[in-house]
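Coordinate analysis (summary)
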Amino acid sequence: MHQMSLWELPLEGRGEAPRAERSGEAGRAAQGKERSGSHDLLMERVVARENALEALKRVRRNKGSPGIDGMTVEELEPYLREHWQTIREQLLAGSYRPSAVRRKQIPKSGGGVRELGIPTVLDRFIQQLFLQVLTPIFDPTFSEHSHGFRPGRRAHDAVRKAQRYIQEGRRWVVDVDLEKFFDRVNHDVLMGKLENRIGDRRMIRIIRRFLEAGSMADGVAVERHEGTPQGGPLGPPTQSITSPSSEAFT
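Residues numbered from 1 in each chain as written. Predicted model: local features only at pLDDT ≥ 70, side-chain atom pairs only at ≥ 80, totals over all residues. Heavy atoms only, no water.

1. Focus on the overall build of the protein
Operational definition: In this description a helix means any DSSP run of H or I spanning at least four residues, a strand means any run of E spanning at least two, and both kinds are numbered starting from the N terminus. Whether a residue is buried, partly exposed or exposed follows from its accessible area with a 1.4 Å probe, protein chains only, as a fraction of its type maximum: under 20%, in between, or over 50%, in that order. For this analysis, residues touch if any pair of their heavy atoms sits within 4.5 Å. In short, Shrake-Rupley with a 1.4 Å probe defines the accessible areas, and a residue's cover is counted only from the protein chains shown.
A count of helical and extended segments in the protein gives 10 helices and 4 strands. A buried classification covers 42% of the 250 residues belonging to the protein. Once local pairs closer than 6 in sequence are excluded, the contacts in the protein between residues at least 24 apart make up 72%. Accessible surface, the protein: about 14,700 Å² in total, of which carbon and sulfur atoms supply 50%.

This is the structure in structure tokens:
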């Protein structure tokens, strides 16, 4: 049986322009609407073929466990081959609704447990689509001293910077950890910060749905009214936006 390669996936709208462009709305919206501190029409970038192909590659490379629907990473490509057109239209309309995350606890090295929320493989793909569009907007505004979960940065960079501080004669180290900070992020505050930079209401609506999707463990669904889930691609950047170490909104 011929197995369709990644590059053969029909991840574009069968030659059709996005709905907003077909109706002429995109042209009118683009004229003079790119106001300071705002980015409009991001969803068209989200569903672009190149962005979708890159997101699929990253989800496959990162692997990971199934979410509540049991779909594996290997099953994602055939699923998209069949359902991408519907998913794409839902994203462009701002009507896409993510599933609840699968709640899983993992032990922490210092004792206690860390609670993860594992999205479905499809939702990980959608989050990756968003992440690739949002990162160029938000990452340049973060603190130069922040190294966690950022492109082109890693923990070794932070260690090297600490070594330079020591060579400069500094001797004090302050370790600050806000207990359960990301479990208590206020959704309205976070969305307010996002709305300061994102003018695409479709993206705003779907990100809020990801925040409020809730979790499921042992067949029991739990609503979420605060906090950002840790376990999906959108977790780290939304955490960084609300982190005290971020300078994105000063």
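2. Digging into the packing of aromatic side chains
The condition is simple: Geometry of aromatic contacts follows a simple scheme: Phe, Tyr and Trp rings, the Trp one being its six-membered ring, pair when their centres are within 6.5 Å, and the pair is stacked under 30 degrees between planes, edge-to-face over 60, tilted otherwise. We call a charge positioned above a ring when the Lys NZ or Arg CZ atom is no farther than 6 Å from the ring centre and deviates by at most 35 degrees from the ring normal.
Under the counting rule described, the total for this entry stands at 1 aromatic pair. Ring geometry for Trp 84 against Phe 125: centres 5.9 Å apart, planes inclined by 75°, an arrangement best described as edge-to-face. On the criterion of sequence distance, the pair formed by Trp 84 in helix H5 (residues 73-93) and Phe 125 in helix H6 (residues 121-138) is long-range, its members being 41 residues apart. Here Trp 84 matches Phe 125 in class, with each residue buried. The ring of Phe 138 has Arg 197 lying over it, and the distance from NZ or CZ to the ring centre is 5.5 Å.

3. Some thoughts on the nonpolar core
In plain terms, the rule: Here, nonpolar core refers to any group of buried Ala, Val, Leu, Ile, Met, Phe, Trp, Tyr and Cys residues whose side-chain atoms link them within 4.5 Å.
Counting residues in each nonpolar core, the largest one holds 40 residues, and the members touching the most others are Leu 91, Phe 125, Ile 126, Leu 129 and Phe 130. No other element matches H6, which puts 10 residues into this core. Aside from chain neighbours lying at most four places away, what touches Ile 126 is Ile 87, Leu 91, Tyr 96 and Phe 210.

4. Side note on the pairing of strand S2 (residues 113-118)
So the rule is basically this: DSSP calls a pair of strands paired once it identifies at least 2 bridges connecting them.
Two strands pair when backbone bridges link them, and strand S1 (residues 101-107) and S2 are joined in this way by 6 bridges, in the antiparallel orientation. Bridging from a neighbouring strand, Arg 103 pairs with Gly 117 of S2. In textbook terms, the turn of a hairpin is the stretch between consecutive antiparallel strands, and for S1 and S2 this stretch comprises 5 residues, one of which, Gly 111, has a positive phi near 105°.

5. Some details on the confidence of the model for the protein
To keep things clear, this is the line we draw: What pLDDT expresses is the predictor's confidence in each residue, scored from 0 to 100.
Across the protein, the average pLDDT comes to 78, with 76% of residues at or above 70. Least confident of the elements in the protein is helix H2 (residues 25-30), whose mean pLDDT is 37; most confident is H5, at 97. Low pLDDT, under 50, characterises residues 12-37; the stretch is placed with 35 contacts to residues that sit more than four places away or in other chains.

6. Examining unusual backbone geometry
A positive phi angle, close to 55°, is found at Lys 63, a residue other than glycine. Mapping Lys 63 onto the fold places it in the loop between helix H4 (49-62) and H5. The exposed category is assigned to Lys 63, whose relative accessible area is 58%.

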